[in-house]
Amino acid sequence: MNLKTMALHSHSAHLPTHKRFSRPSLLHDPFQTSHVFRSSVRYDTNPTSFPVLVARNEGGRRLVTACMGNAESEEEEEPVLVAEKKEELVERSLWKQVKDIVMFSGPATGLWICGPLMSLISTAVIGQASSTELAALGPGTVFCDNMNLLFMFLSIATSNMVATALAKRDKKELQHQISILLFVGLTCGVLMLLFTQFLGSWALTAFAGPKNAHIIPAASKYVQIRGLAWPAILFGLVAQSASLGMKDSLGPLKALVVASVVNGLGHVVLCNFLHYGITGAAWATMASQIVAAGMMIEALNKKGFSAFSISVPSPRECLQIFGIAGPVFVTMFSKVAFYSLMTYFATAMGTNIVAAHQVMIQMYGMCVVWGEPLSQTAQSFMPELLYGVDRSLEKARMLLKSLVIIGAILGLAIGAIGMSVPWLFPNIFTFDLKVIQEMHKVLFLFFLSLSITPCTHSLEGTLLAGRDLTFISFSMSSCFSLGALLLLLLNSRGFGLPGCWFALVGFQWARFFLALRRLLSPNGMLHPEELGSYNVGKLKAT
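In this text, all values refer to a predicted model and were calculated from it rather than measured experimentally.

A. Molecular detail of the environment of Leu393. Position of Leu393 relative to the elements: it lies in helix H14 (residues 393-424). C-alpha separation for the pair Leu393 and Leu526, spaced 133 residues apart in sequence, amounts to 6.1 Å.

B. Molecular detail of the packing of helix H12 (residues 351-368) against helix H19 (residues 496-520). With their axes 11 Å apart at the nearest point, H12 and H19 run at an angle of 25° to one another. The orientation of H12 with respect to H19, classified from their angle, is roughly parallel. Handedness of the crossing formed by H12 with H19: right-handed. Across the interface between the two elements, Ile353, Ala356, His357, Met360, Ile361 and Tyr364 of H12 pack against Leu497, Trp501, Leu504 and Gln508 of H19.

C. Spotlight on a nonpolar patch on the surface. Residues Leu186, Val190, Leu191, Leu194, Phe198, Leu199, Trp202 and Ile310 make up a contiguous nonpolar surface patch of about 810 Å² in total accessible area. Per-element tally for the nonpolar patch: the top contributor is helix H5 (residues 171-198), with five residues. Along the chain, the position of Phe198 falls in helix H5.

D. Representation of the packing of aromatic side chains. Under the counting rule described, the total for this entry stands at 13 aromatic pairs. Relative to Phe507, the ring of Phe338 lies with its centre 4.4 Å away and its plane at 5°, an arrangement referred to as stacked. On the criterion of sequence distance, the pair formed by Phe338 in helix H11 (residues 315-347) and Phe507 in helix H19 is long-range, its members being 169 residues apart. Overall, the relative accessible area of 0% leaves Phe338 in the buried class. Ring geometry for Trp509 versus Phe513: centroids 5.9 Å apart, planes at 35°, classification tilted.

E. Representation of the packing of helix H8 (residues 230-245) against helix H10 (residues 277-302) in the model. The interhelical angle for the contact between H8 and H10, taken along N-to-C directions, is 35°, at an axis separation of 8 Å. At the point where H8 passes H10, the crossing takes the left-handed sense. Residues Ala232, Ile233, Phe235, Gly236, Ala239, Gln240, Ala242 and Ser243 of H8 form the contact with H10, whose own contacting residues are Gln289, Ile290, Ala293, Met296, Ile297 and Leu300. Grouping the amino acids of the contact of H8 with H10 by side-chain chemistry returns 10 nonpolar, four polar and no charged.

Scoring rules and cut-offs
- Residues numbered from 1 in each chain as written.
- Predicted model: local features only at pLDDT ≥ 70, side-chain atom pairs only at ≥ 80, totals over all residues.
- Heavy atoms only, no water.
- Helix = DSSP H or I, 4+ residues; strand = E, 2+ residues; numbered from the N terminus.
- Axes fitted to C-alpha atoms, helices over the stretch in contact; angles between N-to-C directions.
- Parallel < 35°, antiparallel > 145°, perpendicular 65-115°, else oblique.
- Left-handed = near helix turned anticlockwise from the far one by under 90°.
- Contact = heavy atoms within 4.5 Å.
- Patch = residues over 30% accessible without salt bridge, like charges linked within 9 Å, V, L, I, M, F, W, Y side chains within 5 Å.
- Areas by Shrake-Rupley, 256 points an atom, 1.4 Å probe, with all protein chains shown as cover.
- Salt bridge = Lys/Arg side-chain N within 4 Å of Asp/Glu carboxyl O.
- Phe/Tyr/Trp six-rings, centres within 6.5 Å; stacked < 30°, edge-to-face > 60°.
- Buried < 20%, exposed > 50% of the residue type's maximum accessible area, 1.4 Å probe, protein only.
- Nonpolar A, V, L, I, M, F, W, Y, C, P; charged D, E, K, R; others polar.

So, in structure tokens, the structure goes:
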């Protein structure tokens, strides 16, 4: 089933406040009392002013204006133009940067695909045997895969906090942040384990309603078996996100490739040969998730960090984590609630319709994650460009432009491919003609909702990297509220399954336009004139 590794901010210290034409020395230590220092000099230029020479050392900094006709400094120290990689990045062409993004996001794409691919395999295997069990997967995946999305605040917070600590060259702080987030992940996993074992059946009955009582036993077994893996899932999620924050997507990818193989073999043996049906699918997915978590922990340990060093956060650190994770949780809750609401209305329409919706929503989940690596790229690379020691708005804008271009191309491609599979090859999932007929009714809406998501992920990933959390949580909750009202209206008018997917189209396009407007705003994080006030007010740690 869906191994959600998505995928989706800062540490306790305040971020440094910089002036517009200067950057802090890499050697600067505010707690150091020694007068030993090493200086460096570089040129920063403003297109509307004369060149400015910046001399920096640990003890402080000086600005020396290079006047016309006077090329010599008051001191005998000669200016040295630093020609390091960080300066060369500005000169890179757009397509060169696209290549760099692909080199990172390519393996990350495989990382995000593994989970939905396993869900799609389960849907296909179970759908071949029973339409009732296929329908039971609908509410079952809501309490497994969709609930997993609620904890994406751990993933987003971890990868962004790791990227921030790396940008500041603070390995000790990095290990501490990983340790407390591992504790939070393990605690949340244990709580979810208890919830699925003791309250799972009650929650499923309340969700599915009395009209679908015949699918509750199968869905309940599925949720309880998969619930055994919750502690490993969330612990591994933090370990995986730490690796992504270090710009390593190969390590987690290897773990999930192995997990996918285990899951596939488990489905073949338990479902096809032993005919355990939905129960066998649950056991296969649960085992693969535990294997993936173990390999992600091992990958993090190989990087020189201890994945078994768990620290209980102090009350102050809990407040700081809540300040970061709270808005992200609201964002993820709004997204999960909308997808769950779609499934809720589809479930009330009958077995054939909820079976068709299950196929389409799993296909949608398989395709939509292709845009997640663009969000992860923004969260991994943007922090150092926005407020790290290599801060540069020009490079940040170029990175965002590259991400949007890739997102637009990718959106059209995955929309067309994703729509063609249930259109041309519906028998992969089911032989029931009534279910296939319901699937075909929403194909165009499927394309419209899917094609815009990669661009949306690029924009929202940039907002998350800049920690514009208040806006993104407010915009997502607004989209959910309006989308839920539209969904309720269309359902009351009898539009059926197409009404649910039309509401999804409105939900996704509203997210895109709101995020785009925010980043293009003169008060946005990428606007040069607002650099100083934004970094002080918006981009420091909560």
